[in-house]
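Listed here are the chains, written in short residue letters.
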Amino acid sequence: MEQPAHRSRSYGVDPRLPALYEEIDRLVGIAGPKKEVIELLAMEMNGSSSAKLRVVSIAGCGGLGKTTLAKQVYDTIRSQFSCAAFASVSQTPDVRKILRDIAKGVGFIQNTGDDDEQQLIDKLRGYLQDKRYLVVLDDVWDAEAWKIIKLALLNNDHGSRIITTTRNARIASFISSQGGNVYQMKPLSFSDSKRLIFKRAFGSESLSCTHLGSVPDELLRKCGGLPLAIITIASILNDQHAKSEWDRVLNDIGYALARNFGAGTMTTILSLSYFDIPLHLRSCLLYLSVFPEDYEIKKQHLINRWTAEGLVHAEQGRTKYEIAESYFNDLINRSMIQPIDVKYGQAKACRVHDIILDYIKCKASEENFVTSIDAVGHGYTSDYKVRRLCVSNYNEGNTTLWASKILTQVRSVTIFGLPVKTSLLPSTALRVLDIGDCRGMNDHHLASIERLFHLMYLRLCSRSIHKLPEKIGELQYLQTLDVQGTSINELPLTIAKLQRLSHLYVNREVKFQDGMIGQMLSLEEMRVYGVQSCDQWKSLQEFGRLTKLKILEIKWNSDMPDGSEGIIQAKAIQTYVGTLLSLCNLQNLYITDASRMYPLSLESWHPDASCGLRNLWLKGFPIYKVPNWIVSLGNLRVLKLWIFFLRSEDIVILGAIPSLVLLKLTTAGGTSGRIIIHGSDGFRSLKYFYLSIGCCGTALEFGAGSMPKVEHLNLVLCVHKMEFRNGACSFGIQHLLALSRIEFQIRGYCWDDNECDPTVDEYDGTSQPPHCQIHKR
């Protein structure tokens, strides 16, 4: 097949692309099915039967949007339940993990990390026995997994509901055989299909496209009403108004179907989309086949792995991270991966749709790109040498992975589930070792880690790992070291010998000996640097030597003393943190989880004129007022601050930050008892605004013309003795002309009004401020 000329793609996620991959379907053909499922759940029945546990199973072939429908129903009715959970099951279910996901979703906060299935079932039954719960089990493939999970979801006669999705009608009938119903999903109607393809391709379903003739109709007939197929085709035609391009896609589908008579329509359409992307991007897509179904793939981890595998091609004037991020966004824009947690153009993670994952697994196997195996199976029998190995081992017994010459050149190993006995670790070709999802790893598993001297990426996450071997310093090519989730509390001094180490992820409890940080001259990202005492703040000066550092996350976890000693410590910390802003390459600075600190003055900080800071979080790190210099941060997009009392001058300064897109403010209240945002206050780029007011008695108001681009408003206010004293209920929200989403929280507790006076102008930092205590009302 002749390859088309490839169009340039935007650096970020297409702004028309919703936060979830198929969220656009919520506007196209989803209202009717959602209403029918809710009726089957009988949410509004007053009879006695409504108190019984009821199950509805949504059935249909892959690509119909079962998950989207279930999520829509879940979001609509979850407020009617005391607790709720949404869990993925998948074709190869890890029941223990599913039960833990349910426990986390319904709010069971006890540690369940070491519990077996029976212990988890018992704990969940005890927790849910007096609760009205809602649980969604997405993508159920077999009855056995359902039988085990159902044991934890008892019928407590409180009106609880379970929703499942499955491709198998027989499984749906079995799940719903006792007190339940099956909802059989249907393909989109032709009119809804047409609305969807134009909405995804052009951003508007009402756009006149008469010049395309009958081509859209012919394309849609081939898609058969499958939303996934329609979105995939529309992504190829993104912003393509020329009829010749639509003709090309139509002809390519017809040609592919003619060559593969009897092939599934979805497979044919995916093949067309797959061959439409450039070669380097295909490799990055195939690489995603190492991850299981429904796995949340963090963008940063994926980019680090791509880089270690040599899949990111250098370009003049751009860093490898920027290039890899453009690959990630391109795959989203082409609808090959589903973005997760999208905030104004950037996604923090992604998932791969089951059907697409099945397709790329087959492609990866055909091209010997990734070898995926189940360790309980019969093993790998191909004569080809394994390049990238992915092992899923959920066998509780001791599993031995075969030894063979075909493993001598393995470059990447990823293990999910339990450890395996294998002789592959001495492989000198290994570049990536990811055992972060392999529970039960112990210190002895790392005994010969130094033999992997070409290793570039190492990720561990087992609580049974307490230390790294001293010889880890011999891994001279190591770029990424991730030990978050382990029990490691101190890193060996030899870490400082890793002169290529650019990404370091540790727990906040990890201690660094004096001088270690300053020797890591290649470090670009450090998460999380924990500070347990004021003395540790001094070590921040070591970061001043790291000229390549771009991302730094600090977590403060210690209370400050009362009185003058606390004020002295606060001023010292203020100086240490101020030195970080002199790092001209620093792009993201996060200081979070301060337990109890005095408000600080930031006026003495003097960022370099070339400061490229894009994200600044001072969360739980209170300040007296917004410093004037913050306006000079021309690249700042995200800002999170805790301001003791918010002044009108602070609003003006914040509004003048030219590139600010997201602003989160926490404050005790406004000076003079008011927070007013005028149309003249700026905020010309702001799209998300969060404001939490801790004391009662502050009036909030948005003036005409204020925050002209704000789409999402999140307000957190408090009640006072059953009275609402924060001004008029509308707050002038009608003046926010671009607003599309509002979140509003009313809390039953506030900072003590007797000690927090919002009419006080400000504190100057020369004396101890009043302590604001939180009291429940």
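Note that this is a predicted model, so its numbers are computed, not measured. (Residues numbered from 1 in each chain as written. Predicted model: local features only at pLDDT ≥ 70, side-chain atom pairs only at ≥ 80, totals over all residues. Heavy atoms only, no water.)

Draft legend 1. Seen up close, the sheet that holds strand β8 (residues 346-351). A sheet is described by the order of its strands in space; here three strands give the open sequence β6-β8-β7, paired in antiparallel fashion. Two strands in the sheet have a free side with no partner beyond their single neighbour: β6 (297-298) and β7 (338-343). One ladder, built from five bridges, connects β7 with β8; its direction is antiparallel. Residue pairing across strands places Lys 343 opposite Gln 346, the latter belonging to β8. Most of the contacts of helix α14 (residues 320-333) go to β8, to which it runs at about 65 degrees, and overall it touches β7 and β8. (Pairing = 2+ DSSP bridges. Helix = DSSP H or I, 4+ residues; strand = E, 2+ residues; numbered from the N terminus. Contact = heavy atoms within 4.5 Å. Axes fitted to C-alpha atoms, helices over the stretch in contact; angles between N-to-C directions.)

Draft legend 2. Structural view of the sheet that holds strand β5 (residues 180-184). Read across the sheet, five strands follow the order β2-β3-β4-β1-β5 without closing on themselves; strand pairing throughout is parallel. Looking at which strands have only one partner, the edges of the open sheet turn out to be β2 (83-90) and β5. Mean inter-strand twist for the sheet, computed between neighbouring axes without regard to direction, equals 15 degrees. Bridge count between strand β1 (residues 54-59) and strand β4 (residues 161-166): six bridges; the pairing is parallel. Across the sheet, residue Ile 58 finds its bridge partner in β4, namely Thr 165.

Draft legend 3. Summary view of the nonpolar core. Of all hydrophobic cores here, the largest spans 101 residues; its most connected members are Phe 512 and Trp 537. Counting 92 residues, the second-largest nonpolar core is a separate cluster that includes Leu 286, Leu 288, Leu 357 and Phe 416. (Core = buried A, V, L, I, M, F, W, Y, C linked by side-chain atoms within 4.5 Å. Buried < 20%, exposed > 50% of the residue type's maximum accessible area, 1.4 Å probe, protein only.)

Draft legend 4. Focus on the packing of aromatic side chains. This model, assessed by the stated rule, comprises 14 aromatic pairs. An angle of 70 degrees between the planes, with centres 5.8 Å apart, marks the rings of Tyr 274 and Tyr 359 as edge-to-face. Taken as a pair, Tyr 274 in helix α11 (residues 265-276) and Tyr 359 in helix α15 (residues 354-366) lie far apart in primary sequence, 85 residues in all. The buried category is assigned to Tyr 359, whose relative accessible area is 9%. Between the aromatic rings of Phe 644 and Phe 645, the centroid separation amounts to 5.0 Å while the plane-to-plane angle is 70 degrees, which identifies the pairing as edge-to-face. Residue classification places Phe 645 among the buried residues on the basis of a relative accessible area of 2%. An aromatic cluster of at least three residues, connected via ring pairs, comprises Tyr 274, Phe 275 and Tyr 359. Here the basic side chain of Arg 132 rests over the ring of Phe 81, its NZ or CZ set 4.6 Å away from the ring centre. Between the NZ or CZ atom of Arg 388 and the centre of the ring of Phe 369, over which it lies, the distance is 4.1 Å. (Phe/Tyr/Trp six-rings, centres within 6.5 Å; stacked < 30°, edge-to-face > 60°. Lys NZ or Arg CZ within 6 Å of the ring centre and 35° of its normal.)

Draft legend 5. Broad picture of the packing of helix α12 (residues 279-287) against α14. Viewed as axis vectors pointing N to C, α12 and α14 meet at an angle of 80 degrees, and their least axial separation amounts to 10 Å. When the axis of α12 is compared with that of α14, the two are roughly perpendicular. Only Tyr 327, Asp 330 and Leu 331 of α14 make contact with α12, whose side of the interface consists of His 280, Leu 281, Cys 284 and Leu 285. For the contact of α12 with α14, the class distribution of residues is five nonpolar, one polar and one charged. (Parallel < 35°, antiparallel > 145°, perpendicular 65-115°, else oblique. Nonpolar A, V, L, I, M, F, W, Y, C, P; charged D, E, K, R; others polar.)

Draft legend 6. Region of the structure containing the packing of helix α7 (residues 190-202) against helix α8 (residues 215-223). Running from N to C, α7 and α8 cross one another at 110 degrees; their axes reach a closest spacing of 10 Å. Classified by the interaxial angle, the pair formed by α7 and α8 is roughly perpendicular. Viewed along their axes, α7 and α8 form a crossing whose handedness is right-handed. Contact residues: Phe 190, Ser 193, Lys 194, Ile 197 and Phe 198 in α7; Pro 216, Asp 217, Leu 220 and Arg 221 in α8. A per-class count over the contact of α7 with α8 returns five nonpolar, one polar and three charged. (Left-handed = near helix turned anticlockwise from the far one by under 90°.)

Draft legend 7. Region of the structure containing the side chain of Thr 165. With respect to the helices and strands, the residue Thr 165 is situated in strand β4. Take Thr 165: its relative accessible area is 1%, and that puts it in the buried class. At a separation of 2.5 Å, a polar atom in the side chain of Thr 165 contacts the side chain of Asp 138. The residues contacting Thr 165, other than those within four sequence positions of it, are Ile 58, Lys 66, Ala 70, Leu 137, Asp 138, Asp 139 and Val 140. (Polar contact = N/O pair within 3.5 Å; in protein donor to acceptor, adjacent residues only side chain to side chain.)

That's the geometry; what it means functionally is another story.
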